[in-house]
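Below are the chains, spelled out letter by letter.
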Amino acid sequence: MKKTLLALLLGAALFAGTNHTAVIQETMSSGGYTYMKVKDSAKTYWIAMTQRDVKKGDTISYTEQGWMQNFHSKTLNRTFDSILFAGNAQKPKKQLQTEQFKTNMHSDYKEKNTISIAELFANRDKYVGKVVTLKGKVTKTSSGIMKLNWLHLQDGSNFQNMNDIVFTSTQALPAVGTVIYAKGTVVKDKDFGYGYFYPLIIQNASFKQ
């Protein structure tokens, strides 16, 4: 039970607010779930969600709930090396999709000594292991998970649907909606266990207004 609770808390802290739009390449339904192989920008991967009526070629938008590694579906008798469990699925209007997910390298808050979220994602290998400072608006916070506090930041920039970065810290968290400077060390491919994997995160963070 303790592990299950921790997994649920991690899912809420790490993945809430991360949005995607993708085109369905393959789909199958079984056991109350629909499994879809999707193409999301240049990436192709499997997602699963509660059963719904979709077909190959449909465009679908969804939010991340949590990644699972080596997930075995008993009803399909199939093991997925990696699969994303997703929620809030809908078929977006093409016009809204283009406007919402268009790459935008400009931050609404960027200053001389800060970088934008889009710049960070676009050049992630360059920044791994380095201390960076971003300026943006706090969109979500979660406290006391694995003895850490978690903060989501957005700044108006967007690189290939990635417009939200997570910071972990032992420092007290600013309020949601506050514009802050957030500073910390960039970590790539961080695995928190329990099936949760984060491609980019900023750790040992500090915040100031």
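Model, not experiment: these values are computed from the prediction.

Trainee: Could you give an account of the sheet that holds strand β5 (residues 78–90), naming the residues involved and the relevant values?
Mentor: The strand order around the closed barrel formed by five strands is β1-β2-β3-β5-β4, and the pairing between neighbours is mixed. Across the sheet, the mean angle separating the axes of adjacent strands is 45 degrees when strand polarity is ignored. Here strand β1 (residues 19–30) pairs with strand β4 (residues 59–73) via five bridges, running antiparallel. Across the sheet, residue Asn 19 finds its bridge partner in β4, namely Thr 63.

Trainee: Could you give an account of the side chain of Ser 169, with specific residues and numbers?
Mentor: The topology assignment puts Ser 169 in strand β8 (residues 165–169). Looking at Ser 169, its side chain comes within polar contact range of the main-chain oxygen of Ala 205, at 2.6 Å. Aside from chain neighbours lying at most four places away, what touches Ser 169 is Leu 148, Asn 149, Ala 205 and Phe 207.

Trainee: Would you mind going over the nonpolar core in detail, with residue names and values included?
Mentor: Among the nonpolar cores identified, the biggest contains 22 residues, and Leu 120, Leu 134, Leu 153, Ile 165, Phe 167 and Ile 202 are the most heavily contacted of them. Of all elements in the fold, only α3 (117–122), β6 (131–145), β7 (148–154), β8, β9 (179–193) and β10 (196–208) reach the threshold of two or more residues within this core. Discounting residues that sit within four places of it in the chain, Ile 202 has contacts with Leu 120, Val 132, Leu 134, Ile 165, Val 166, Phe 167, Thr 168, Gly 184, Thr 185 and Val 186. Counting 13 residues, the second largest nonpolar core, distinct from the first, contains Met 36, Ile 47, Val 54 and Ala 86.

Trainee: So what about the confidence of the model for the protein? Which residues, and what values?
Mentor: Atom-level detail of predicted coordinates should not be read off regions where pLDDT is low. Per-residue pLDDT for the protein has a mean of 83; in total, 83% of the residues score no lower than 70. Looking over the protein, one finds the lowest element-wise mean pLDDT in helix α2 (residues 94–101), namely 46, and the highest in β8, namely 93. In the model, residues 95–99 has pLDDT below 50 throughout and makes three contacts with residues more than four positions away in sequence or in other chains.

Trainee: Give me the lowdown on the environment of Gln 171, citing residues and values where you can.
Mentor: Relative to the elements of secondary structure, Gln 171 occurs in the loop between β8 and β9. By relative accessible area, Gln 171 is classed as partly exposed at 28%. With 35 residues separating them along the chain, Gln 171 and Ser 206 place their C-alpha atoms 6.5 Å apart. If we skip the residues at most four places from it in the chain, Gln 171 touches Asn 149, Ala 205, Ser 206 and Phe 207.

Trainee: An account of the side chain of Arg 124 is needed here, citing residue identities and associated values.
Mentor: Inspection of the secondary structure assignment puts Arg 124 in helix α4 (residues 124–127). Apart from residues lying up to four places away in sequence, Arg 124 is in contact with Met 162, Lys 188, Pro 199 and Leu 200.

Trainee: If you had to explain unusual backbone geometry to someone new, which residues and values would you point to?
Mentor: For Met 146, which is not glycine, the phi dihedral falls at a positive 55 degrees. Looking at the secondary structure, you find Met 146 in the loop between β6 and β7. Residues other than glycine seldom take positive phi values, yet Lys 147 does so here, at roughly 65 degrees. Position of Lys 147 relative to the elements: it lies in the loop between β6 and β7. Using a relative accessible area of 81% as the deciding quantity, one classes Lys 147 as exposed.

Trainee: Please provide a residue-by-residue account of the pairing of β1, values included.
Mentor: Pairing geometry for β1 and strand β2 (residues 33–40), over seven bridges, is antiparallel. If you follow Met 28 over to β2, its bridge partner there is Tyr 35. Taking the residues that link successive antiparallel strands as the turn, the β1-β2 hairpin has two residues, and the phi of Gly 31 there is positive, at about 60 degrees.

Trainee: Outline the environment of Ile 83, supporting the account with residue identities and numerical values.
Mentor: Here Ile 83 is to be found in strand β5. Residue classification places Ile 83 among the buried residues on the basis of a relative accessible area of 0%. Residues Ile 83 and Tyr 45 lie 38 residues apart in sequence; the distance between their C-alpha atoms is 7.0 Å. Those residues in contact with Ile 83 that sit more than four places away from it in its chain are Tyr 35, Trp 46, Ile 47, Ala 48, Gly 66, Trp 67, Met 68 and Phe 71.

Here is what the cut-offs are and how they apply
- For every chain, the first residue of the written sequence is number 1, and numbering continues from 1 onward in sequence order.
- Only residues with pLDDT of at least 70 are given local features in this predicted model, and only at 80 or more are side-chain atom pairs given and counted; all residues enter the totals for whole chains, interfaces and linings.
- Each side-chain value is worked out from all heavy atoms of the structure, with water and hydrogens disregarded.
- Strand pairing is assigned whenever DSSP identifies at least 2 bridges connecting the two strands.
- Put simply, DSSP marks the helices as runs of H or I at least four residues long and the strands as runs of E at least two long, and each gets a number from the N terminus on.
- Each axis is a line fitted through C-alpha atoms, and for a helix only the stretch in contact is used; angles between axes span 0 to 180 degrees, taken between their N-to-C directions.
- Polar contacts, as counted here, are pairs of nitrogen or oxygen atoms within 3.5 Å of one another; within protein the pair requires one atom able to donate a hydrogen and one able to accept it, and residues that are adjacent in sequence qualify only if both atoms are side-chain atoms.
- In this description, contact between two residues means that some pair of their heavy atoms is separated by no more than 4.5 Å.
- Throughout, nonpolar core names a set of buried Ala, Val, Leu, Ile, Met, Phe, Trp, Tyr and Cys residues whose side chains join them through atoms within 4.5 Å.
- When accessible area is computed with a 1.4 Å probe and restricted to protein chains, residues below 20% of their type maximum are described as buried, those above 50% as exposed, and intermediate ones as partly exposed.
- Scored from 0 to 100, pLDDT reflects the predictor's confidence in each residue.

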